[in-house]
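# Examination of the molecular architecture
Each chain is listed here by its residues.
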Amino acid sequence: MSPASTGASTIVGAASSAPVAALTAAPLAAGPSPDSRLAPGGPGYRRMSFALFLAGVATFALLYSTQALLPLISGDLGVPASQASWTVAAATGGLALFVLPMSALSERYGRRTVMTASLAVAVAVGMLVPFAPSLGSLVVLRAVQGAALAGLPASATAYLAEEVRPKALVTAIGLFVAGNSVGGMSGRVITGWVAQEWGWRIAVGVIGALAVACAVAFRLLLPAPRHFTAGSLAPRVLARTVRDHLADPLLRRLYAIGALFMTVFGGVYTVIGYRLTEAPFSLPQGIVGSIFLVYLVGTVSASTAGRLVGRLGRRGALYLAGGTTATGLLLSLADSLAPVLLGLVLITAGFFAGHAVASSAVSKTATTGRAQASALYQSSYYVGSSVGSTVGATAFHASGWSGTVGVGVLAVLGVVAITALGTRAARVAARRDTLVAAR
């Protein structure tokens, strides 16, 4: 009930009521209560940002822990790239399949609770991965690990949408995405050098230990939610929420953009290890792992996505991200190392900027069922990763690196086309509103 409707102003007539009226008038003069959500520079914001940054590190380090090791896994288990790539596709596919049910659990039991449980299960499975005796058992463990990690991405973005002030939301989500890039980078660099000395099994075990440390620190640092309201687990309610989100044209476009960006990224980074260990590069595993230091570029581009949107608008930022990614793909076709590395830098910068812009737009667009809206985005995103890793590896097996680049260019063209549709829809809506206002 607002202060104006408390009934204080009705106390009139009796002299004894004057002090009461004076007291009750004070809150009216004070205006609306300040926004208690977190903001940069405010109490708890830095702890929250660092906690979710660590969650992002653990998520990507675990999710892609085998990606840089695929040539070694192929050699150890005697399987081609197209089969070894399933150790990546199974994890991302498990996440894509379970992210919506996990988001529903977070609506009922809380974001922090689900994120904590997800990390705990994922790191426990991560300690079993090094002991997988065959490709089949390794793929199964990776699928379970991906399913466990499904509780992180959608719950994290929903937590941020509820606990952070709207003006700081893009920046906050950008920091979480930056944690993803650091996790992806550190996981690949560490595994590359460790595997060169002690093999791929020890390497993934080290990543599991790193994820344990991140999970513990995350739980200790993340502030308790103050603006969470428990929702229903009823399947009918969930189905209605999902249907409403899928009926929104803007959300549908954002889901498709996330999937297409991740198709590029998943394909490139699943196959790049094979390309760089073969002629004409013939790099050792440790050096190949260090190539993933270009993820630091993604850390910067994701964390600055908010400023990019402020200058160019959401669609302008997406055009720039798509153009940067396409330029990187074309540069990577060269047979010398320098342009290939520059190409990877541009692909990484474009991908992480596009992902941060699209995912934050989902959180802003959805006013209800934010966890489900984010879950649908994450599901599309990781479906794109699974498709990219398998189709990219298959294209590489059939046509070499040019085949993988071809798959990526087609995906980027899809991003540009969908963004152009959004631009056209916005112009049509603006003209319609102008005509209505003129009547």
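Owing to the predicted nature of the structure, the values given are computational and were not obtained by experimental measurement.

Here is what the cut-offs are and how they apply
Residues numbered from 1 in each chain as written. Predicted model: local features only at pLDDT ≥ 70, side-chain atom pairs only at ≥ 80, totals over all residues. Heavy atoms only, no water. Core = buried A, V, L, I, M, F, W, Y, C linked by side-chain atoms within 4.5 Å. Buried < 20%, exposed > 50% of the residue type's maximum accessible area, 1.4 Å probe, protein only. Helix = DSSP H or I, 4+ residues; strand = E, 2+ residues; numbered from the N terminus. Contact = heavy atoms within 4.5 Å. Phe/Tyr/Trp six-rings, centres within 6.5 Å; stacked < 30°, edge-to-face > 60°. Salt bridge = Lys/Arg side-chain N within 4 Å of Asp/Glu carboxyl O. Axes fitted to C-alpha atoms, helices over the stretch in contact; angles between N-to-C directions. Parallel < 35°, antiparallel > 145°, perpendicular 65-115°, else oblique. Left-handed = near helix turned anticlockwise from the far one by under 90°. Nonpolar A, V, L, I, M, F, W, Y, C, P; charged D, E, K, R; others polar. pLDDT = per-residue confidence, 0-100.

## Comments concerning the nonpolar core
- Among the nonpolar cores identified, the biggest contains 121 residues, and M48, L52, L160, Y269 and Y382 are the most heavily contacted of them.
- If you tally residues by element for this core, the top one is helix α12 (residues 249–277), at 14 residues.
- Excluding anything up to four places from it in sequence, Y269 contacts Q67, F292, V294, Y295, L344 and T348.

## Considering the environment of I190
- Looking at the element boundaries, I190 is found in helix α9 (residues 169–198).
- We classify I190 as partly exposed; its relative accessible area is 29%.
- Distance in space between the C-alpha atoms of I190 and I207 is 7.7 Å, their sequence separation being 17 residues.

## Things to note about the packing of aromatic side chains
- Scanning all chains against the criterion turns up 10 aromatic pairs.
- Centroid distance F265 to F351: 4.0 Å. Interplanar angle 10°. Geometry classified as stacked. Separated by 86 residues along the polypeptide, F265 in helix α12 and F351 in helix α16 (residues 337–365) bring together distant segments of the chain.
- On the basis of an interplanar angle of 20° and a centroid distance of 6.2 Å, the ring pair of F351 and Y381 is categorised as stacked. Placement of the pair is F351 in helix α16 and Y381 in helix α17 (residues 370–399), with a sequence separation of 30 residues.
- For F351, a relative accessible area of 1% corresponds to the buried category.
- With a relative accessible area of 1%, Y381 lands in the buried category.
- Through a chain of ring-to-ring contacts, three or more aromatic side chains come together here, namely F265, Y269, F351, F352, Y377, Y381 and Y382.

## Things to note about unusual backbone geometry
- Here the residue pair A279 and P280 is connected by a cis peptide bond, since its omega of 10° sits within 30 degrees of zero.
- Looking at the element boundaries, P280 is found in the loop between α12 and α13 (285–290).
- If you check the backbone angles, S282 has positive phi at about 50° while not being a glycine.
- For S282, the position within the fold is in the loop between α12 and α13.

## Focus on the pattern of salt bridges
- Across all of its chains, the model carries three salt bridges by this definition.
- In this structure, R201 and D76 form a salt bridge, with 3.8 Å as the shortest nitrogen-oxygen distance. Of this pair, R201 sits in helix α10 (residues 200–221) while D76 sits in helix α3 (residues 70–77), placing them 125 residues apart in sequence.
- Note that R275 and D335 form a salt bridge whose closest N and O atoms lie 3.6 Å from each other. With a gap of 60 residues between them, R275 in helix α12 and D335 in the loop between α15 (305–331) and α16 connect regions that are remote in the sequence.

## Description of the packing of helix α6 (residues 111–126) against helix α8 (residues 153–163)
- With their axes 9 Å apart at the nearest point, α6 and α8 run at an angle of 155° to one another. In terms of orientation, α6 lies roughly antiparallel with respect to α8. For the pair α6 and α8, the sense of crossing is left-handed. Note on element contacts: α8 touches α6 through S155, A156, A158, Y159 and E162, opposite R111, V114 and M115.
- Taken together, the residues that form the contact of α6 with α8 break down as five nonpolar, one polar and two charged.

## Digging into the confidence of the model for the protein chain
- Residues at a pLDDT of 70 or more form 90% of the protein chain, whose mean pLDDT is 84.
- Confidence over residues 1–33 falls short of pLDDT 50; this stretch has seven contacts with residues more than four positions distant or in other chains.

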